[in-house]
Amino acid sequence: MTPILFQYEIEVQPEHIDDLKHVNNVTYLQWVQDVGEKHWNLKTSEELREKYGWVVLNHFIEYKSPAFLNEKLILKTWIQSHEGVKSERRVEVIRKKDNKIIAQAKTLWCLIEKQSHRPARITPEITEPFFED
């Protein structure tokens, strides 16, 4: 099965910039979470989103090059793998003007039932919208 990519474009704003005049590390982490959430919300039903949620087990972010004010960036994400209650999501932050990956992330998520806050097995109902044959 092949993951279905999701992406959208953002522009670096003043609130993203730190005292070194480039995008702050914490901002990249927020973008990693934002793009994952947008992908989940786009591909799943309201009923599924009401029943299940995701908690982070770990994040790994590799910073390759800085981003600066007013640059246009593409946030690209996909589900790399899943097994049991865990799913690995990948994210690339790409500078639009030269198509260069400036940061990439791997996040390990755990699916939970919102009512009980307990881990839930990832079923085909959950994964099918994110993959193609």
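Treat the numbers as computed from the prediction; the structure is a model and nothing was measured.

**Student:** What is the right way to look at the overall build of the chain in this model?
**Tutor:** Across its full length, the chain holds three helices and eight strands. For the chain, the succession of helices and strands along the chain, N to C, is β-β-α-α-β-β-β-β-β-α-β. At 16 Å, the chain has a C-alpha radius of gyration in line with the 14 Å of a compact globule built from 133 residues. For the C-alpha atoms alone, the extent of the chain along its principal axes is close to 45 × 30 × 25 Å. Looking at the 133 residues of the chain, the share that counts as buried comes to 38%. Long-range contacts, defined as pairs at least 24 residues apart, comprise 67% of the intrachain contacts of the chain with a sequence gap of at least 6. Carbon and sulfur atoms form 48% of the exposed surface of the chain, whose accessible area is close to 8000 Å². If the 19 positive side-chain charges of the chain are averaged to one point and the 21 negative ones to another, these points end up 3 Å apart.

**Student:** Explanation requested: the packing of aromatic side chains in the structure shown.
**Tutor:** In this description, an aromatic ring pair is defined by two values, namely the gap between the centres and the angle between the planes. In the structure shown here, the tally under the stated rule is five aromatic pairs. A ring pair is formed by Y28 and W31, whose centres lie 5.5 Å apart and whose planes are at 75 degrees; its orientation type is edge-to-face. One end of the pair, Y28, and the other, W31, are both in helix α1 (residues 25–43), three residues apart, so they sit about a helical turn from each other. What makes W31 buried here is its relative accessible area of 5%. With centroids separated by 6.3 Å and ring planes inclined at 5 degrees, the aromatic side chains of W40 and F130 adopt a geometry described as stacked. Separated by 90 residues along the polypeptide, W40 in helix α1 and F130 in the loop between α3 (124–127) and β8 (131–132) bring together distant segments of the chain. A relative accessible area of 9% places W40 in the buried class. A connected cluster of aromatic rings, assembled from ring pairs, spans Y28, W31 and Y63. Above the ring of Y8, the side-chain terminus of K38 is found at 5.2 Å from the ring centroid.

**Student:** How should α1 be read in this particular structure?
**Tutor:** An α-helical segment advances 3.6 residues per turn. Residues three or four places apart therefore align on the same side. The end-to-end C-alpha distance of α1 is 28 Å, a good match for the 27 Å that 19 residues give at a rise of 1.5 Å each. Those residues of α1 that fall on the buried side of the exposure criterion are T27, Y28, W31, V32, V35, G36, H39 and W40. The backbone nitrogen of V26 lies 2.8 Å from a side-chain oxygen of the residue at the head of α1, namely N24.

**Student:** What exactly am I supposed to notice about the pattern of salt bridges here?
**Tutor:** Pairing is possible between side chains that carry opposite charge, provided their charged atoms lie close to one another. Taken as a whole and assessed by the stated rule, the structure comprises six salt bridges. The salt bridge involving E71 is made with K97; its shortest N-O contact spans 3.6 Å. Linking E71 in the loop between β3 (52–63) and β4 (72–83) with K97 in the loop between β5 (86–95) and β6 (100–113), this pair joins segments that are 26 residues apart in sequence. With a closest N to O distance of 2.6 Å, R90 and E88 form a salt bridge. Given the relative accessible area of 26%, R90 is considered partly exposed.

**Student:** I would appreciate a short explanation of the environment of P3 in the present structure.
**Tutor:** Summarising the element assignment, P3 is placed in strand β1 (residues 2–3). On the basis of relative accessible area, P3 is assigned to the partly exposed category, the value being 26%. Separated by 125 residues in sequence, P3 and E128 have C-alpha atoms that sit 9.7 Å apart.

Thresholds applied
- Residues numbered from 1 in each chain as written.
- Predicted model: local features only at pLDDT ≥ 70, side-chain atom pairs only at ≥ 80, totals over all residues.
- Heavy atoms only, no water.
- Helix = DSSP H or I, 4+ residues; strand = E, 2+ residues; numbered from the N terminus.
- Rg over C-alpha atoms; globule rule 2.2 N^0.38 Å.
- Buried < 20%, exposed > 50% of the residue type's maximum accessible area, 1.4 Å probe, protein only.
- Contact = heavy atoms within 4.5 Å.
- Areas by Shrake-Rupley, 256 points an atom, 1.4 Å probe, with all protein chains shown as cover.
- Lys, Arg positive; Asp, Glu negative; His and termini not counted.
- Charge placed at Lys NZ, Arg CZ, Asp CG, Glu CD.
- Phe/Tyr/Trp six-rings, centres within 6.5 Å; stacked < 30°, edge-to-face > 60°.
- Lys NZ or Arg CZ within 6 Å of the ring centre and 35° of its normal.
- Expected span 1.5 Å × (residues − 1).
- Polar contact = N/O pair within 3.5 Å; in protein donor to acceptor, adjacent residues only side chain to side chain.
- Salt bridge = Lys/Arg side-chain N within 4 Å of Asp/Glu carboxyl O.

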